[in-house]
Amino acid sequence: MPGTGNVECDASLLPRSVWDELGDGAHPGRRLACRLLRASDDELPHLLNAAQAARGRNFPAVITYSPKVFIPLTNLCRDYCGYCTFRRDPGQAGAHTMSPEEVMEVARAGERVGCREALFSLGDKPEFAFPAMRATLRALGYRSTLHYLEAMCERVLRESSLLPHVNAGVMGAPWLHRLGAVSPSMGLMLESTSTALLAPGAAHDHAPDKAPALRLAMLEEAGRQDIPFTSGLLIGIGETLEDRVDSLLALRGLSERYGHIQELILQNFLPKPATAMRSHPEPSRGTMLRTVAVARLLMPKMNLQAPPNLSAPDYEQLLDAGINDWGGISPLTPDFINPEAPWPHLAELERRTRAKGLELRPRLCVYPEFVERAAARSPLLKERISALADEAGYAATEVAA
Ligand code: SF4
């Protein structure tokens, strides 16, 4: 199918032939993708139809989610992103590094309510900035946060029926290798390729680990190591529409080169009180629908996720734009990154998904098509994944002995 990258992209309505070509599976070029992000309200139904057709051609009528618990191993972080309410400095109210007992308590509670994923989320390299974190790690018996994380992942694997998924910020090749042996999948949001976000007063001012080049290099290294990886964009933090398309194209390029990107998250920025960006406008529902639809057209075969709790109350509209996954849904722990936005009740999520003619199905943290390569990374992962995956690679209803 020829691409439609040469279409003239001005403010006039796109010709019918463009929508027909997109609906038939043509890939938009960069210029057309930028134009589609500016689709008028009259054009939006055409865009959504093309995105749904792309999902229908490449996926069964199944929308997945991962039943998970959230384990915020430490909320100390050396970065200061303008939108973050998760991070703390040592001594600040709410600052906390979980003990091994606390970690296992959450994992066991998750196990009791049928969770399969232990999502480890933590601040980036806190011990580089804070002597107090170095002291905490010493008392726990570990040299660094990543050493502690590795030990906790292994313990969760050995002592529970949960599989760890690690979101631990930027790290080098050796740590990707080590954590890849105790975590079937890992994640690092690209957020954006825009370096303008590092400028004084912008979202990533004072956040050295958010430099796009650093994050792209880590995503590339994960590709070289063939680690099933989750990445994505944070929408509405000051990037331009062109930046969004460039970010999607950068992730598509990595995925085409290495085939390791299992999932792409499209997360909308929400302003939070007491953050530097509390007055920054959030992206509209229309912006999110256009962005998801364009991502679907640029990457028809990619697992596309948008978190429902950040799009309440009418989150099911995201299905119209071509997502095929709701991400991690916890029956137990709050979303510590967006504590003001509770996850929907599972029965309600299922009802709304079914109302769109789609079936809701639980998956593991690693997607079915990536299960085999995750299992190949270590004997322990192989044993645990085989006990938890069904024949098709989704989450089994019963844990095998
Ligand atoms: S978003 Fe992540 S890296 Fe940025 S301040 Fe928060 S915890 Fe740190």
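Residues numbered from 1 in each chain as written. Predicted model: local features only at pLDDT ≥ 70, side-chain atom pairs only at ≥ 80, totals over all residues.

Undergrad: Explain the overall build of the chain to me, please; I cannot follow it from the model alone.
TA: Within the chain one finds 15 helices and nine strands. Computed over C-alpha atoms, the radius of gyration of the chain comes to 21 Å, within 12% of the 21 Å expected from 2.2 N^0.38 for 401 residues, which places it in the range of a compact globule. Seen along its three principal axes, the alpha-carbon backbone of the chain occupies a region of about 65 × 50 × 40 Å. Residues counted as buried form 47% of the 401 residues belonging to the chain. (Helix = DSSP H or I, 4+ residues; strand = E, 2+ residues; numbered from the N terminus. Rg over C-alpha atoms; globule rule 2.2 N^0.38 Å. Buried ≥ 20, exposed ≤ 12 C-beta atoms within 10 Å, placed from the backbone.)

Undergrad: Explain helix 10 (residues 241-258) to me, please; I cannot follow it from the model alone.
TA: Every α-helix winds through 3.6 residues per turn, so residues three or four apart in the chain are directed the same way. Helix length check: helix 10, at 18 residues, gives a terminal C-alpha distance of 26 Å against a target of 26 Å (1.5 Å per residue), a fit within 8%. Taken together, the buried residues of helix 10 touch helix 2 (30-37), helix 9 (212-224), strand 5 (229-235), strand 6 (261-268) and helix 11 (285-298). Of the residues flanking the end of helix 10, it is G259, one or two places downstream, whose phi is positive at about 65 degrees. (Expected span 1.5 Å × (residues − 1). Contact = placed C-beta atoms within 7 Å.)

Undergrad: How should I be thinking about the site of the ligand in this particular structure?
TA: Near the ligand, the surroundings consist of C77, D79, Y80, C81, C84, F86, R87, G123, D124, G169, A207 and D209. Partitioning the shell around the ligand into residue classes produces six nonpolar, two polar and four charged. (Near = placed C-beta within 6 Å. Nonpolar A, V, L, I, M, F, W, Y, C, P; charged D, E, K, R; others polar.)

Undergrad: Honestly, helix 7 (residues 145-159) in this entry has me stumped. Any pointers?
TA: Taking 1.5 Å per residue as the helical rise, helix 7 with its 15 residues ought to reach 21 Å, and the 21 Å between its terminal C-alpha atoms agrees with that figure. Among all positions in helix 7, only T145, L146, Y148, L149, E150, M152, C153, V156 and L157 are buried.

Undergrad: Explain the pairing of strand 1 (residues 62-74) to me, please; I cannot follow it from the model alone.
TA: Regular strands have side chains that alternate between both faces of the sheet. Across the 13 residues of strand 1, 12 count as buried, placing the element largely inside the fold. Where strand 1 and strand 9 (residues 359-362) come together, four bridges link them in parallel fashion. Across the sheet, the residue bridging to Y65 is P362, located in strand 9. Across six bridges, the pairing between strand 1 and strand 2 (residues 117-122) is parallel. Note that in strand 2 the partner of I71 across the bridge is F120. Read as a crossover between parallel neighbours, the route from strand 1 over helix 4 (residues 100-112) to strand 2 is right-handed. (Pairing = 2+ DSSP bridges. Right-handed = clockwise from strand over helix to strand, strands pointing away.)

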